[in-house]
Amino acid sequence: MKVIKTKSELADCLQQFRNQQKTIGFVPTMGALHEGHLSLVAKSTESCDITVVSIFVNPTQFNDKNDLANYPRCVEKDCALLEKAGCNVVFTPEVEEMYPEPDTRQFSFGNLDKVMEGEHRPGHFNGVAQIVSKLFDAVKPDKAFFGLKDFQQVAIIKAMVKQLNMKLEIVPCPIIREADGLAKSSRNMLLEPQYRAIAPKIHQTLAEAAKKRDCTPEQLCQWITSTIDATQLLKTEYVQIVNFDTLMPVEKLTEAEKPIICIAVWAGKIRLIDNFVL
Ligand code: AMP
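Since the structure is predicted, the reported quantities are computational estimates derived from the model, not experimental observations.

*Asks:* Any chance you could explain the site of the ligand here in plain terms?
*Replies:* By nearness alone, 16 residues border the ligand, and Met 30, His 37, Asp 150, Ile 176 and Lys 184 come closest of all. Side-chain polar atom of His 37 to an oxygen atom of the ligand: 2.9 Å apart, as the coordinates give it. For the ligand, the protein covers 92% of the area, taking 480 Å² as the surface of the free molecule. Among the secondary structure elements, those contributing two or more residues to the shell around the ligand are β2 (24-29), α2 (35-47) and β5 (143-147).

So this is what it looks like as structure tokens:
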């Protein structure tokens with residue numbers, strides 16, 4: 001497994017693989033890898049000849065300075081996990097390598113970035129589009145793998161690929177959870193014990209909510225909020241039920257409306273997101 005820090009070295013290395021007609025799968029990450037990330041690596045190694053993983057904590061997508069400063073970083077451990085998982089190339093650039101000058105591009109995604117994470121984390125998806133477009137340019141993958149844990153991000157990336165006319169396939173992959181239902185996340189390791197103990201309540205509540213169909217979406221959202229917030233330790237930031245494709249609010253909880261519940265919850269100082277397809 002090669003560990004590469006510059007775009008030019010990466011380009012040279014990947015061109016050699018392309019010359020051998022090898023297909024390239026790409027998994028962008030911010031590191032502190034867990035089984036969620038490794039499931040994307042497994043999908044890539046299954047369907048592509050070469051798997052490239054990037055580890056880069058992208059400053060432009062953090063709307064909260066503390067979150068950026070506290071984001072867990074453990075590149076050596078990550079590389080050991082990636083080597084075991086069959087990754088071929090790890091790209092670990094410094095900030096100056098990805099942003100030799102400030103990126104002033106402003107993306108526009110219509111409704112997709114106005115709701116939920118877009119509404120509550122101003123600038124977040126613009127930063128995501130900036131870095132992912134730069135990484136796609138650097139890697140030029142045939143396929144890129146993204147987790148549905150960040151459901152809205154997948155919709156944004158698909159829209160960006162269309163807008164920029166990029167020739168690659170975006171492959172959405174299922175959410176990997178802890179045994180108690182908590183969606184795996186690099187931020188979970190920052191949870192203090194009492195918050196870690198209560199955090200599975202988020203998934204449990206969404207799973208319970210999925211059984212309730214004889215109410216309106218608003219009523220269901222209210223029930224979810226009050227059930228989660230009744231724990232005292234968890235505080236719901238938003239919960240919305242939207243159409244899986246358009247991210248517009250659904251009017252009814254019928255299958256035809258393709259509803260998905262999306263939620264963000266504060267567990268002390270740590271913000272967790274999750275979702276559940278109805
Ligand atoms: P991150 O390092 O948080 O930027 O995540 C990198 C990629 O891993 C993104 O496509 C995430 O959606 C994906 N990912 C993170 N957690 C999970 C999970 N629990 N299950 C599946 N994919 C995940």
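*Asks:* Could you clarify how one ought to interpret the nonpolar core in this entry?
*Replies:* Nonpolar side chains in soluble globular proteins tend to be buried together. Of all hydrophobic cores here, the largest spans 48 residues; its most connected members are Phe 136 and Met 160. A domain-level breakdown of this core finds at least three residues from each of domain 1 (2-173) and domain 2 (186-277). In contact with Met 160, other than residues within four places in its own chain, are Phe 107, Phe 109, Ala 129, Val 132, Ser 133, Phe 136 and Met 166. In this structure, Ala 199, Leu 220, Ile 263 and Ile 270 belong to the second largest nonpolar core, which totals 24 residues.

*Asks:* Could you clarify how one ought to interpret the packing of helix α7 (residues 124-139) against helix α8 (residues 151-163) in this entry?
*Replies:* Geometrically, a packed helix pair is captured by the angle between its two axes and the distance between the axes. Relative to each other, α7 and α8 sit at 55°, their axes nearing to 10 Å. As far as their axial angle goes, α8 and α7 are oblique. Handedness of the α7/α8 crossing: right-handed. Facing Phe 125, Val 128, Ala 129, Val 132, Ser 133 and Phe 136 of α7, the residues of α8 in contact are Gln 152, Gln 153, Ile 156, Ile 157, Met 160 and Val 161. Residue composition of the contact of α7 with α8, grouped by class: 9 nonpolar, 3 polar and no charged.

*Asks:* Honestly, the packing of aromatic side chains in this entry has me stumped. Any pointers?
*Replies:* Applying the stated criterion to the full structure yields 6 aromatic pairs. Note on Phe 136 and Phe 146: the rings are 6.3 Å apart at their centroids and 75° apart in plane angle, and the pair reads as edge-to-face. With Phe 136 in helix α7 and Phe 146 in strand β5, this residue pair connects regions lying 10 residues apart in the sequence. Assigned by exposure class, Phe 136 and Phe 146 land together as buried. Aromatic ring contacts, followed pair by pair, group Phe 26, Phe 136 and Phe 146 into a single cluster. Positioned above the aromatic ring of Trp 223, the side-chain terminus of Lys 212 is 4.4 Å from the ring centre.

*Asks:* Help me understand the side chain of Asn 188, please; the structure alone is not making it clear to me.
*Replies:* Secondary-structure assignment places Asn 188 in the loop between β6 (169-173) and α9 (193-198). Those residues within four positions of Asn 188 in sequence are excluded, and the remaining contacts are Glu 178, Leu 182, Ala 183 and Leu 272.

*Asks:* Looking at this model, I keep getting lost on the environment of Ser 54. Mind explaining?
*Replies:* Among the structural elements, Ser 54 can be located in strand β3 (residues 50-55). Residue class for Ser 54 comes out buried when judged on its relative accessible area of 1%. Between the alpha carbons of Ser 54 and Ala 155 there is a distance of 20 Å; along the sequence they are 101 residues apart.

*Asks:* I keep staring at the sheet that holds β6 and nothing clicks. Help me out?
*Replies:* In sheet architecture, strand pairing relies on hydrogen bonds along the backbone and comes in two forms, parallel and antiparallel. The 6 strands lie next to each other as β1-β4-β3-β2-β5-β6, forming an open sheet whose pairing is parallel. Two strands lie at the open edges of the sheet, namely β1 (2-4) and β6, each paired on one side alone. Strand-to-strand, the axes of this sheet are offset by a mean angle of 25°, without reference to chain direction.

*Asks:* I would appreciate a short explanation of empty space enclosed by the protein in the present structure.
*Replies:* Take a probe with the size of a water molecule and roll it over the atoms, and the empty space left behind shows itself. Counted according to the given criterion, the structure contains 1 cavity of 30 Å³ or more. Lining the largest cavity are Lys 149, Leu 182, Ala 183, Ser 185, Asn 188, Ala 199, Ile 202, His 203, Leu 272, Ile 273 and Asp 274. Elements with a contribution of two residues or more to the lining of the largest cavity: α10 (201-209) and β9 (270-277). If one sorts the elements of the lining of the largest cavity by residue count, β9 sits on top with 3 residues. Residue composition of the lining of the largest cavity, grouped by class: 6 nonpolar, 3 polar and 2 charged.

*Asks:* Just checking my understanding: could you explain the pairing of β5 for this structure?
*Replies:* Here is the key point about a regular strand: its side chains alternate between the two faces of the sheet. When you tally the buried positions in β5, you get 4 out of 5 residues, the bulk of the element. As paired elements, β2 and β5 share 2 bridges and run parallel to each other. By the bridge assignment, Gly 25 is partnered in β5 with Lys 143. Here β5 runs beside β6; their pairing, made up of 5 bridges, is parallel. Residue Phe 146 lies in a different strand from β6, and its bridge partner there is Pro 172. Each parallel crossover has a hand, and for β5 linked through α8 to β6 it is right-handed.

Calculation rules
- Residues numbered from 1 in each chain as written.
- Predicted model: local features only at pLDDT ≥ 70, side-chain atom pairs only at ≥ 80, totals over all residues.
- Heavy atoms only, no water.
- Near = heavy atom within 4 Å.
- Polar contact = N/O pair within 3.5 Å; in protein donor to acceptor, adjacent residues only side chain to side chain.
- Areas by Shrake-Rupley, 256 points an atom, 1.4 Å probe, with all protein chains shown as cover.
- Helix = DSSP H or I, 4+ residues; strand = E, 2+ residues; numbered from the N terminus.
- Core = buried A, V, L, I, M, F, W, Y, C linked by side-chain atoms within 4.5 Å.
- Buried < 20%, exposed > 50% of the residue type's maximum accessible area, 1.4 Å probe, protein only.
- Domains from an automatic or database assignment.
- Contact = heavy atoms within 4.5 Å.
- Axes fitted to C-alpha atoms, helices over the stretch in contact; angles between N-to-C directions.
- Parallel < 35°, antiparallel > 145°, perpendicular 65-115°, else oblique.
- Left-handed = near helix turned anticlockwise from the far one by under 90°.
- Nonpolar A, V, L, I, M, F, W, Y, C, P; charged D, E, K, R; others polar.
- Phe/Tyr/Trp six-rings, centres within 6.5 Å; stacked < 30°, edge-to-face > 60°.
- Lys NZ or Arg CZ within 6 Å of the ring centre and 35° of its normal.
- Pairing = 2+ DSSP bridges.
- 1 Å grid on protein atoms, 1.4 Å probe; cavity = no way out; pocket = protein on both sides within 12 Å on 5 of 7 lines; lining within 4 Å.
- Points joined across faces, edges and corners; volume = space filled by probe spheres on them.
- Right-handed = clockwise from strand over helix to strand, strands pointing away.

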